[in-house]
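Chain and residue survey
Next come the chains, spelled out residue by residue.
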Amino acid sequence: MLSRGGFDAKASRRKLPGTEEAIDALVALVQDDPDKALVMRYIGQLVADGYAEWAMLDNGEIEVRFTSGETYLLAETTILRLA
């Protein structure tokens with residue numbers, strides 16, 4: 001969703017907190033697209049509720065790992081299921 005480049009499997013990750021401030025900051029990055037902002041807010045709430053963790057990759061993409069085992073990559077124009 002916030003990509004500055006293509007998918008890079010070796011990109012380093014920076015874990016993001018599930019706080020309201022972190023959610024608001026990510027939503028602000030996509031504020032020009034209300035659909036993306038809504039998706040980020042919903043995923044952020046899942047993180048805040050303990051159902052997932054998210055991390056920002058070096059290229060700006062967001063990786064979301066759910067406690068049930070699924071992993072998704074939130075890229076500029078797509079959401080890709082990795083596992």
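Residues numbered from 1 in each chain as written. Predicted model: local features only at pLDDT ≥ 70, side-chain atom pairs only at ≥ 80, totals over all residues. Heavy atoms only, no water.

Attention now goes to the sheet that holds strand β4 (residues 71–74). Within the open sheet, the five strands sit side by side as β1-β2-β3-β4-β5. Their pairing is antiparallel. Only two strands of the sheet have a single neighbouring strand rather than two, namely β1 (13–16) and β5 (79–81). Mean inter-strand twist for the sheet, computed between neighbouring axes without regard to direction, equals 25°. Pairing of β4 with β5, which is carried by three bridges, proceeds in the antiparallel orientation. Its bridge partner lying in β5, Y72 is registered against R81. Here helix α2 (residues 34–48) sits on the sheet and contacts β2 (52–57), β3 (62–66), β4 and β5; the angle it forms with β2, its principal contact strand, is near 125°. (Pairing = 2+ DSSP bridges. Helix = DSSP H or I, 4+ residues; strand = E, 2+ residues; numbered from the N terminus. Axes fitted to C-alpha atoms, helices over the stretch in contact; angles between N-to-C directions. Contact = heavy atoms within 4.5 Å.)

With respect to the element layout, E63 can be found in strand β3. Residue classification places E63 among the buried residues on the basis of a relative accessible area of 4%. Of the polar contacts made by the side chain of E63, one reaches the side chain of R65; its length is 2.8 Å. Apart from residues no more than four positions distant in its own chain, E63 is found in contact with R13, E53, W54, A55, L57, T71, Y72 and L82. (Buried < 20%, exposed > 50% of the residue type's maximum accessible area, 1.4 Å probe, protein only. Polar contact = N/O pair within 3.5 Å; in protein donor to acceptor, adjacent residues only side chain to side chain.)

Here we take up the nonpolar core. In this structure, L16, L26, M40, W54, I62, V64 and L74 are the most contacted members of the largest nonpolar core, which totals 15 residues. Residue assignment for this core shows that the elements contributing at least two residues are α1 (20–29), α2, β2 and β3. Take this core: its biggest share by element is four residues, from α2. (Core = buried A, V, L, I, M, F, W, Y, C linked by side-chain atoms within 4.5 Å.)

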